[in-house]
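# Architecture and fold: a report
Residues per chain are reported as follows:
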Amino acid sequence: MSILSNSTNIFWQESPVGKLDRQKLLNQKGCVVWITGLSGSGKSTLACSLSRELHSRGKLSYILDGDNLRHGLNKNLGFKPEDRTENIRRVGEVAKLFADAGLICIASLISPYRKDRDACRAMLSDANFIEVFMNMPLELCEARDTKGLYKLARCGKIKGFTGIDDPYEPPLSCEIEIQQKDGVCAAPGAMAEQVVSYLEEKGYLQCQ
């Protein structure tokens with residue numbers, strides 16, 4: 001991965017229509033819902049269910065899916081630690097733009113390193129970063145293995161796979177934690193409702 005030097009002789013261009021104007025138009029507050037967890041923990045399932053529930057309430061959201069972004073924006077990045085960091089940085093910058101546009105941006109990525117997630121949180125000066133930790137045991141995620149990736153990692157055909165031979169650093173103080181109850185996973189709709197309830201409580205689903 002090539003690293004470009006910082007640009008010089010550039011200036012920030014202000015817009016006559018600001019974030020508050022856009023939020024009033026949409027009657028919601030822009031924010032980033034960052035869903036993190038192991039592969040197979042249910043991140044994409046929650047993201048889709050949450051987006052569907054918000055849409056049914058007349059709220060505008062957009063999903064930034066980690067795999068989808070590697071087909072375009074991040075297709076030149078691999079899975080080395082430095083590439084993972086750049087991957088998350090780029091997604092964080094895009095998520096920041098969506099939040100500034102007044103949307104509820106749903107970012108769904110493994111994002112294994114705590115420092116990278118914290119860096120994305122720091123990008124939002126108004127602290128509208130909601131970290132959702134899909135706290136599911138590795139055994140469950142590996143049993144699901146919907147993409148067959150754990151099997152390949154166990155066979156040594158994939159190197160640096162999170163949870164197998166590369167670490168996942170869980171959040172220390174996330175806003176929302178979703179986990180099994182008595183060994184049972186909540187239905188997608190119930191998980192989405194947990195996040196929606198938080199957004200309602202914190203005033204993100206209206207603009208006053």
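Each remark here, short or long, concerns the structure printed above.
Below: a short report on this structure. Since this is a predicted model, take the numbers as computed values, not measurements. (Residues numbered from 1 in each chain as written. Predicted model: local features only at pLDDT ≥ 70, side-chain atom pairs only at ≥ 80, totals over all residues. Heavy atoms only, no water.)

Looking now at the pattern of salt bridges. Pairing is possible between side chains that carry opposite charge, provided their charged atoms lie close to one another. Tallying each qualifying case throughout the model produces 13 salt bridges. Where Arg 22 meets Asp 100, a salt bridge forms, and the shortest distance between an N and an O atom there is 2.9 Å. Here Arg 22 is found in helix α1 (residues 19–26), whereas its partner Asp 100 is found in helix α4 (residues 81–100), with 78 residues between them in sequence. Among the ionic pairs, Arg 90 bridges to Glu 86, the shortest N-O distance being 2.8 Å. With Arg 90 and Glu 86 both in helix α4 and four residues apart, this pair spans about one turn of that helix. Glu 86 matches Arg 90 in its accessibility class, with the two residues each being buried. Overlapping salt bridges, with partners in common, bring together Glu 53, Arg 57, Glu 193 and Glu 200 in one network. (Salt bridge = Lys/Arg side-chain N within 4 Å of Asp/Glu carboxyl O. Helix = DSSP H or I, 4+ residues; strand = E, 2+ residues; numbered from the N terminus. Buried < 20%, exposed > 50% of the residue type's maximum accessible area, 1.4 Å probe, protein only.)

In this section: the packing of α4 against helix α5 (residues 114–123). Where α4 contacts α5, the two axes come as close as 9 Å, and the packing angle between them is 20 degrees. The orientation of α4 relative to α5 falls into the category roughly parallel. In the packing of α4 onto α5, the handedness of the crossing is right-handed. Each of Arg 84, Thr 85, Ile 88, Arg 89, Gly 92, Glu 93 and Lys 96 in α4 lies in contact with α5, whose residues at this interface are Lys 115, Asp 116, Cys 120 and Met 123. Taken together, the residues of the contact of α4 with α5 sort by class into three nonpolar, two polar and six charged. (Axes fitted to C-alpha atoms, helices over the stretch in contact; angles between N-to-C directions. Parallel < 35°, antiparallel > 145°, perpendicular 65-115°, else oblique. Left-handed = near helix turned anticlockwise from the far one by under 90°. Contact = heavy atoms within 4.5 Å. Nonpolar A, V, L, I, M, F, W, Y, C, P; charged D, E, K, R; others polar.)

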